[in-house]
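Spelled out from the first residue to the last, the chains are:
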Amino acid sequence: LHYRSHTTTVSRTAQSATHTTMAASMTASALSTRAFTGARLGKTRRASSSTSRSAMVVRAKQTDEATVLAKYPDGGPVFCVQVDCHMGTNSTGIVMREGDEGRPVVSAIRPGGTAKNKLKIGDVCLATTYTELVADPDNKTLKWGTPTVGWFDTEGEPYASSIAAMETNSATLNLIMFRPE
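Residues numbered from 1 in each chain as written. Predicted model: local features only at pLDDT ≥ 70, side-chain atom pairs only at ≥ 80, totals over all residues. Heavy atoms only, no water.

Brief notes about unusual backbone geometry
Stated formally: Secondary structure elements follow DSSP: runs of H or I no shorter than four residues count as helices, runs of E no shorter than two count as strands, and numbering proceeds from the N terminus. Think of it in three bands: with a 1.4 Å probe and only protein chains considered, a residue is buried below 20% of the maximum accessible area for its type, exposed above 50%, and partly exposed in between.
For N117, which is not a glycine, the phi torsion comes out positive at approximately 70°. Here N117 is to be found in the loop between strand 4 (104-109) and strand 5 (124-134). Of the residues examined, N117 reaches a relative accessible area of 74% and is grouped as exposed.

Printed below as a string of structure tokens:
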């Protein structure tokens, strides 16, 4: 995924605060993959070497699938889409920007991306799946935790948090989208 954000009317101080908020909301997975190469909210600065990675991890607001599907029923302008991201979320070809309500909006679909013919420019992301590594004492093979998939509702959430949630998916990116007519 590649992202664009409106920063033309934002002061440098606001850009720094926005970037700090974005960095704080990323999960360890998103930080380690460096998948945010296209997500620039102004000049980027590296976190100081004294900042531990665990201090930057923020737990996503957990919403179960039944609640999300009840809130956004499939039909009409609302639809569910499943996008393959086995080769990383950048392989989807989705380019997003921050919409008027802070929700991610599709601004382009790159040719050859796995989202081609599934999304259109202007589609708004209402909810996305995220993957969280949960400590599991019975799991002896995955030392970082057991991957657990949940749903993230983008309503009222910062744009950067929505993007960070999308970036945590490693096999399939599930989205509930709204297509304005």
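Overview of the nonpolar core
What counts, and what does not: Here, nonpolar core means buried Ala, Val, Leu, Ile, Met, Phe, Trp, Tyr and Cys residues that are tied together by side-chain atoms lying within 4.5 Å of each other.
By size, the foremost hydrophobic cluster in this structure holds 16 residues, and its most contacted members are I94, M96, L119, L175 and M177. Breaking this core down by element, the ones donating at least two residues are strand 2 (78-84), strand 3 (94-98), helix 5 (159-167) and strand 7 (172-178). Within the second largest apolar cluster, seven residues are counted, among which are V68, Y72, V78 and L126.

Regarding helix 5
Among the nine residues in helix 5, nine count as buried, and that is most of the element. Y159, A160, S161, S162, I163, A164, A165, M166 and E167 are the residues of helix 5 that are buried.

Some remarks on the pattern of salt bridges
This is how the line gets drawn: Salt bridges are defined by distance alone: a side-chain nitrogen of Lys or Arg within 4 Å of a carboxyl oxygen of Asp or Glu.
A full pass over the atoms with the stated rule returns four salt bridges. Among the salt bridges present, the one from K71 reaches E155, with a minimum N-O distance of 2.3 Å. Placement of K71 in helix 4 (residues 65-71) and of E155 in the loop between strand 6 (146-153) and helix 5 is noted, with a sequence separation of 84 residues between them. Since its relative accessible area comes to 42%, E155 is described here as partly exposed. With a shortest N-O distance of 3.7 Å, R103 and D153 are connected by a salt bridge. Here D153 lies in strand 6 and R103 lies in the loop between strand 3 and strand 4, a separation of 50 residues in the sequence. Across this residue pair, the class does not change: R103 and D153 are buried. Connected via shared salt-bridge partners are K71, R103, D153 and E155.

Without other data, these values stay purely geometric and don't point to any function.
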